[in-house]
Amino acid sequence: MADKELEIEEGSKKKSKLMLITIIIVVVLLGGGAGAYFFLFTGDDSNATENDGGAADAVIENVAAPSGEALYVAMPRPFTFNAPGVARERIVQIEVQLMVRGAANEDLAKRHIPMIEGSLLQVFSASNADDLVTDVGKIELKERATAQVRQVMTELESSPVVEQVLFTGFVIQ
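In this text the structure is predicted, and so the values were computed from the model without any measurement.

Visitor: I'm lost on the overall build of the chain in this one. Help?
Guide: Each helix and strand in the chain was counted, giving six helices and four strands. Seen in sequence order, the chain has helices and strands lined up from the N terminus as α-α-β-β-β-α-α-α-α-β. In the chain, which comprises 173 residues, the share counted as buried stands at 25%. Here the analysis covers contacts within the chain between residues at least 6 apart in sequence; of these, 70% occur between residues at least 24 apart. With an accessible surface of roughly 11,600 Å², the chain has 59% of that area assigned to carbon and sulfur atoms.

Visitor: I keep staring at the confidence of the model for the chain and nothing clicks. Help me out?
Guide: It should be kept in mind that the predicted coordinates are not to be read in detail where pLDDT is low. Per-residue confidence for the chain gives a mean pLDDT of 80, with 71% of residues at or over 70. Predicted confidence in the chain is weakest over helix H2 (residues 54-64), with a mean pLDDT of 40, and strongest over strand S3 (residues 90-101), with 96. Contacts from residues 44-65, a stretch scored under 50 in pLDDT, to residues over four places away or in other chains number 17 contacts.

Visitor: I tried to follow helix H4 (residues 113-125) on my own but got confused; where do I start?
Guide: Residues spaced three or four apart along an α-helix face the same direction, because each turn holds 3.6 residues. The end-to-end C-alpha separation of H4 is 18 Å, in line with the 18 Å expected for 13 residues at 1.5 Å each. Buried within H4 are the following residues: Ile113, Ile116, Glu117, Ser119, Leu120, Val123 and Phe124. The inward-facing, buried residues of H4 contact strand S1 (70-74), strand S2 (79-83), S3, helix H3 (103-111), helix H6 (135-157) and strand S4 (162-172).

Visitor: For this particular structure, what's the right way to read the pattern of salt bridges?
Guide: Note on pairing: side chains with opposite charge can pair once their charged atoms come close. A complete count under the given rule lists four salt bridges for this structure. Note that Arg101 is salt-bridged to Glu163, the shortest N-O span being 2.8 Å. Of this pair, Arg101 sits in strand S3 while Glu163 sits in strand S4, and the two are 62 residues apart along the sequence. Using a relative accessible area of 22% as the deciding quantity, one classes Arg101 as partly exposed. Note that Glu157 is salt-bridged to Arg111, the shortest N-O span being 3.7 Å. Here the residue Glu157 occupies a position in helix H6, and Arg111 occupies one in helix H3, the gap between them amounting to 46 residues.

Visitor: Is there a simple way to think about the nonpolar core in this case?
Guide: Most often, soluble globular proteins keep nonpolar side chains buried together rather than apart. Core analysis: the biggest nonpolar cluster contains 27 residues, and Met75, Val96, Leu98, Leu120 and Phe124 have the highest contact counts within it. Contributions of two or more residues to this core are made by S1, S2, S3, H3, H4, helix H5 (129-132), H6 and S4. With residues up to four places along the chain from it excluded, the contact list for Phe124 reads Phe79, Phe81, Ile94, Val96, Leu141, Ala145 and Phe167.

Calculation rules
Residues numbered from 1 in each chain as written. Predicted model: local features only at pLDDT ≥ 70, side-chain atom pairs only at ≥ 80, totals over all residues. Heavy atoms only, no water. Helix = DSSP H or I, 4+ residues; strand = E, 2+ residues; numbered from the N terminus. Buried < 20%, exposed > 50% of the residue type's maximum accessible area, 1.4 Å probe, protein only. Contact = heavy atoms within 4.5 Å. Areas by Shrake-Rupley, 256 points an atom, 1.4 Å probe, with all protein chains shown as cover. pLDDT = per-residue confidence, 0-100. Expected span 1.5 Å × (residues − 1). Salt bridge = Lys/Arg side-chain N within 4 Å of Asp/Glu carboxyl O. Core = buried A, V, L, I, M, F, W, Y, C linked by side-chain atoms within 4.5 Å.

If you want it as structure tokens, here you go:
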């Protein structure tokens, strides 16, 4: 019977050592993960102001200056249109996001989505399918779309608001 007690004690010592090692490994991994999170996702807020009217100043600063955190405003639905070509007409579908700087510009872009959609559809529908099958044609379309949206937003808000029009999906059939 003494042998069985000895075996039970040795087994429990091994289990407790294994449990201790497991706990140490979990604590080290959690600590490393937390450290990585704070290292990557925290930092100084360059838009913070020191006076009491800081929030209003930050909004004005973000509208006027192109610097700030890049934010992306997704268009609610993809643009689908027919594009004429020399050989045949093609159906094109483009998914778009707008890159803006700062929360104030993000709010302005969201407020004017119907106007932005209208101007983008106007630019897209004037395109040629033969041009859209080339990389150069896609780049030119993106540049024309960006220029048009910036012009419309400047007319509406006295600021271009949108830095870039980005194609996040592009299908041509």
